[in-house]
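Architecture at a glance
Residues per chain are reported as follows:
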Amino acid sequence: MQLRHLSMLLALALMALLFYLSHQPALHTPMLFSGQDKLLHAGVYALLGLLLLGAQPRPVNGYSGRQVTISVLLASLYGLSDEIHQYFVPGRSSEALDWLADTLGALIAVSLLAWLSRKRKSAGGRRAYR
């Protein structure tokens, strides 16, 4: 199985897991510090964004801005749909700041990976000509 296909499969599995968890009336997680839930949102959607980016063809020169935009947009829209879904689940709430954390997590992670993929390619190209 190609890595792209595995990334898409894992992204879909994560989305299904998030839907399942969002449909639970309450999730009891211990609060260790203020803002913990926003950090958790950012981390999970960072992973989703990375999986969505990995599901796209990787150009020779690294991931493009278009691919970054598509990955972040898809993760953000899924985060928005998740917040809308939670609005209708008894015992759950919908928060714009959760969606913002989702989007920022995906944006930071995907942008960083795309930058590293381009940097790695340019560094590899310079070494080849030495």
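Residues numbered from 1 in each chain as written. Predicted model: local features only at pLDDT ≥ 70, side-chain atom pairs only at ≥ 80, totals over all residues. Heavy atoms only, no water.

A separate point is the overall build of the protein. Counting its regular elements, the protein contains four helices and zero strands. Along the protein, helices and strands appear, N-terminal first, in the series α-α-α-α. Overall, the protein is about 60 × 35 × 25 Å in size when its C-alpha atoms are taken along their principal axes. The contacts of the protein with a sequence gap of at least 6 include a subset with a gap of at least 24, amounting to 74%. Of the roughly 8,500 Å² of accessible surface on the protein, a fraction of 71% belongs to carbon and sulfur atoms. (Helix = DSSP H or I, 4+ residues; strand = E, 2+ residues; numbered from the N terminus. Contact = heavy atoms within 4.5 Å. Areas by Shrake-Rupley, 256 points an atom, 1.4 Å probe, with all protein chains shown as cover.)

Scanning the entire structure with this criterion turns up three salt bridges. When the shortest N-O distance is used, the salt bridge between K38 and D98 registers 2.7 Å. Separated by 60 residues along the polypeptide, K38 in helix α2 (residues 36–54) and D98 in helix α4 (residues 96–128) bring together distant segments of the chain. Given the relative accessible area of 5%, D98 is considered buried. A cluster of three or more residues bridged by salt bridges with shared partners is formed by D37, K38, E95 and D98. (Salt bridge = Lys/Arg side-chain N within 4 Å of Asp/Glu carboxyl O. Buried < 20%, exposed > 50% of the residue type's maximum accessible area, 1.4 Å probe, protein only.)

Another point: the packing of helix α1 (residues 3–22) against helix α3 (residues 65–87). Interhelical geometry of α1 versus α3 gives an angle of 20 degrees and a closest axis separation of 10 Å. As judged from the angle between their axes, α1 and α3 are roughly parallel. Remark: the crossing between α1 and α3 carries right-handed chirality. Contacts from M15, A16, L18, F19 and S22 in α1 reach Y78, D82, H85 and Q86 in α3. Residue composition of the contact of α1 with α3, grouped by class: five nonpolar, three polar and one charged. (Axes fitted to C-alpha atoms, helices over the stretch in contact; angles between N-to-C directions. Parallel < 35°, antiparallel > 145°, perpendicular 65-115°, else oblique. Left-handed = near helix turned anticlockwise from the far one by under 90°. Nonpolar A, V, L, I, M, F, W, Y, C, P; charged D, E, K, R; others polar.)

Among soluble globular proteins, nonpolar side chains are generally buried collectively. With eleven residues, the main nonpolar core is built from A11, L14, M15, L18, Y45, L48, L51, L52, A75, Y78 and A106. Those elements that place two or more of their residues in this core are α1, α2 and α3. Not counting the four nearest positions on each side in its chain, Y78 is found in contact with M15, A16, L18, F19, Y45 and L48. (Core = buried A, V, L, I, M, F, W, Y, C linked by side-chain atoms within 4.5 Å.)

Right, let's talk about the side chain of T103 for a bit. Position of T103 relative to the elements: it lies in helix α4. Owing to a relative accessible area of 19%, T103 belongs among the buried residues under this scheme. Those residues within four positions of T103 in sequence are excluded, and the remaining contacts are V72 and S76.

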